[in-house]
Structures are given as C-alpha cells and as structure tokens.
Amino acid sequence: MRPSADWGGAVKNRLKVLRAERDWSQADLAERLEVSRQTVNALETGKYDPSLPLAFKIARLFGQPIEAIFQDQGA
Amino acid sequence: VVVRLDRVKIGRRLLRGAGATGLTAGVFTAGATAFHAWIKSTSGAWPDWLILVMPLLPALAVLTFAIRAPLGRWTTLLLSFGACVLVGVLAGLVMAVGGGLFSGAPRIPLLLLLGLVVAGPAVAVMLPWWNRTDEAARQAHLSGFFWGATAGGVAVVPLLMAPMLEPGSVAFVARLSPEDAFLYGALTLYGAITLGYGLFWAGWWVSRSVGSEA
C-alpha cells in the first residue's frame, strides 16, 4: 500500500538532524513552527508528511530549500 | 531509554483521556440511571432533555481533552459538563412549562429548536478550536472519522439487524417498546461510531509517536 496521510508518510526528512544541530528540543521547534510537539514528533518519525505551507515554513526556519530537508522516497 | 520515556508520556496521555471519558461517562450514567428510574416510576417516559444531552457528552469528553484550554483541561471538562447539564435542565423546564404554555404545540419542532440552541454555542466553540488546531491534529481527527467511525458503525450493524432478522435473538431488545428500541439502536450506533473514532484517533498518534526522542 502506498503511504498516505492516513497510513504513513511517503517523504523522508532531516528535521531531527537540523534540530539537533541547533540544540533545540521538539518543544522549541514546535513553538517556532506554531504546531504541537506531537506534530513535530510525527514529522520526525517520517510517518506524517507536512502540508506544502508547513514545509515552506520549515524550510524558511532552517534557511534551506525544501528539497534539502525533504526527500521523496519514491524518487 | 529514550523510546521508553516517550511511551510513558503516550501512556499518561491516553490514561488522562480515558480517565476524563470514564469520569464523564460514569457521572452521567449514574445520574441518568437514577433520573430514568425516577421518571419511570412517575410518568414512565424518557425525559426529552436527557435525550438531547446524551449524545453531547462523549463528544464533549473527547473535545475537551483535544483542546488547549486556557483554564486547564479538567476545569474545561467540568465546566463543559456543567454547561451541558444546565442546558439539558433548561430544556427540560421549557418542555415542562411548554406543556402549559404551548399546549398542542408540536413537540418535534420544539426539540429541533432546542437542538439548534445547543448546536449554536457548540459551533461557536468548535470553530476557533478547529482553526487553531495544527494540521497533523486535524488529520488525526479526519482519519479517525473516516476510518474509525465508519468501521465502528459497520461493525455494529449485525447486532442492530439481529432482532429484525431473527426476532427474539436479543433478549434485551425483545423487552423494549418500539420507541425505546429505536432510541437504544440509535445510541448503540452512536456509541460504536464514537468508540471507533476514538480508537483510530489514538492509534494514529501512537503509531506516529513511537521511535523518536522528546
């Protein structure tokens, strides 16, 4: 079954690494992104794919292009 | 160790949710049972306000634990519960007074009107809550309703159809009047949908939480 928003993510990401480089906790990152800590947790496990607006927000926060943070597993 | 800590947090969250739902359901069931017994001994009919309030309670229990309430979740839960009962009692009073003031007035439109009175504030509370809920939390609710609630509803269909296909097969239903059987059937379906939704919602979060550090 192809991963979906209901059953799991289809995109890998480097959120955990980028967060660790800045010595932020999940709560810190959640506050900066204006989402819950549980959402950051779900993003980091790679089992939830963010919407485009949230992906752009994450890219802006880390000062990197989206494709440097998120990689399509099917590509 | 990190994963275990995360699981402990998830466990606590689930316990709090189960506790709130259990508390609400317990208090309501005790009150409703006592009130029902009293009503049965007097007029023998279910009070209309109880029917109005009943479906709101599990929804309130789930909702108040999902929101980031400024007053705190337990306070919000108790206030919601109190408001819910107050609306129900007011509805009951209107029904009682209505018997004199609106004698001959159709009861079903009056019930619908009271439903709207309850639904208005509920929507006023839910819209801002939905707007400030982040996208993953929304997805959990939407998936819960689509998959969990649907599965819950489908799962209980055989039970609901059994008395029709094989009369007398469910002893409890055989003792009920058609009106009560209809009401219990509706409540059973509603309960199954709510349970399915809740289980899928919790599973959605748990499956996406394990394996990452806090």
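For every chain, the first residue of the written sequence is number 1, and numbering continues from 1 along that sequence. By the order in which they are written, chains take letters starting at A while ligands take numbers starting at 1. It should be noted that, the model being predicted, local features are given only for residues of pLDDT at least 70 and side-chain atom pairs only at 80 or more, the latter also being counted only at that level, while totals for whole chains, interfaces and linings use all residues. Only hydrogens and water are set aside when side-chain values are computed; all heavy atoms of the structure are taken into account.

With that settled, consider the overall build of chain B. Counting secondary structure elements, chain B contains 8 helices and 0 strands. Secondary structure elements follow DSSP: runs of H or I no shorter than four residues count as helices, runs of E no shorter than two count as strands, and numbering proceeds from the N terminus. Going from N to C terminus, chain B has its helices and strands arranged as α-α-α-α-α-α-α-α. Within chain B, buried positions represent 29% of all 214 residues. Note on definitions: a residue-residue contact is assigned when non-hydrogen atoms from the two residues lie within 4.5 Å. Long-range pairs, those at least 24 residues apart, make up 72% of the contacts in chain B between residues at least 6 apart in sequence. The cut-offs for exposure are 20% and 50% of the maximum accessible area for each residue type, with area from a 1.4 Å probe on protein chains only; residues under the lower value are buried, those over the upper are exposed, and the others partly exposed.

Moving on: the packing of helix H6 (residues 135–165) of chain B against helix H8 (residues 178–209) of chain B. Residues and elements named next belong to chain B. Throughout, an axis means a line fitted to C-alpha atoms (over the contacting stretch in the case of helices), and angles, computed between N-to-C directions, take values from 0 to 180 degrees. Running from amino to carboxyl end, H6 crosses H8 at an angle of 140 degrees, the nearest separation of the two axes being 6 Å. With respect to their mutual orientation, H6 and H8 come out oblique. Handedness of the H6/H8 crossing: right-handed. The scheme is simple: roughly parallel for angles under 35 degrees, roughly antiparallel for over 145, roughly perpendicular for 65 to 115, oblique for anything else. Each crossing is labelled by how the near helix is turned from the far one, with a counterclockwise turn of less than a right angle marking it left-handed and a clockwise turn marking it right-handed.

With that settled, the discussion passes to the pattern of salt bridges. Residues and elements named next belong to chain A. The term salt bridge refers to a side-chain nitrogen of Lys or Arg lying within 4 Å of a carboxyl oxygen of Asp or Glu. One pass over the structure, following the stated rule, counts 3 salt bridges over all chains. With a shortest N-O distance of 2.8 Å, lysine 57 and glutamate 34 are connected by a salt bridge. Taken together, the positions of lysine 57 in helix H4 (residues 52–62) and glutamate 34 in the loop between helix H2 (26–33) and helix H3 (37–44) put the pair 23 residues apart, joining distant regions of the chain. Assessed through its relative accessible area of 25%, lysine 57 is described here as partly exposed. Glutamate 34 sits in the exposed class, given a relative accessible area of 62%.

What follows deals with H2 of chain A. Residues and elements named next belong to chain A. Considered for burial, the residues of H2 that qualify are Gln26, Leu29, Ala30 and Leu33. Projected onto a plane normal to the axis of H2, the buried residues spread over an arc of 100 degrees and lie on a single side. Buried residues along H2 sit against helix H1 (15–21), H3 and H4. Where H2 ends, the next residue or the one after it, glutamate 34, has phi of about 60 degrees, a positive value. Comment: arc refers to directions from the helix axis out to C-beta atoms.

Right, let's talk about the packing of H2 of chain A against H3 of chain A for a bit. Residues and elements named next belong to chain A. Contact geometry of H2 with H3 gives a least axis separation of 8 Å together with a crossing angle of 105 degrees. On the basis of their axis angle, the class for H2 and H3 is roughly perpendicular. Packed against H2, whose contacting residues are Gln26, Ala27, Leu29 and Ala30, the element H3 presents Arg37, Val40, Asn41 and Glu44 at the interface. Each residue is assigned to one class: nonpolar for Ala, Val, Leu, Ile, Met, Phe, Trp, Tyr, Cys and Pro, charged for Asp, Glu, Lys and Arg, and polar for all the others, Gly among them. Residue composition of the contact of H2 with H3, by class: 4 nonpolar, 2 polar and 2 charged.

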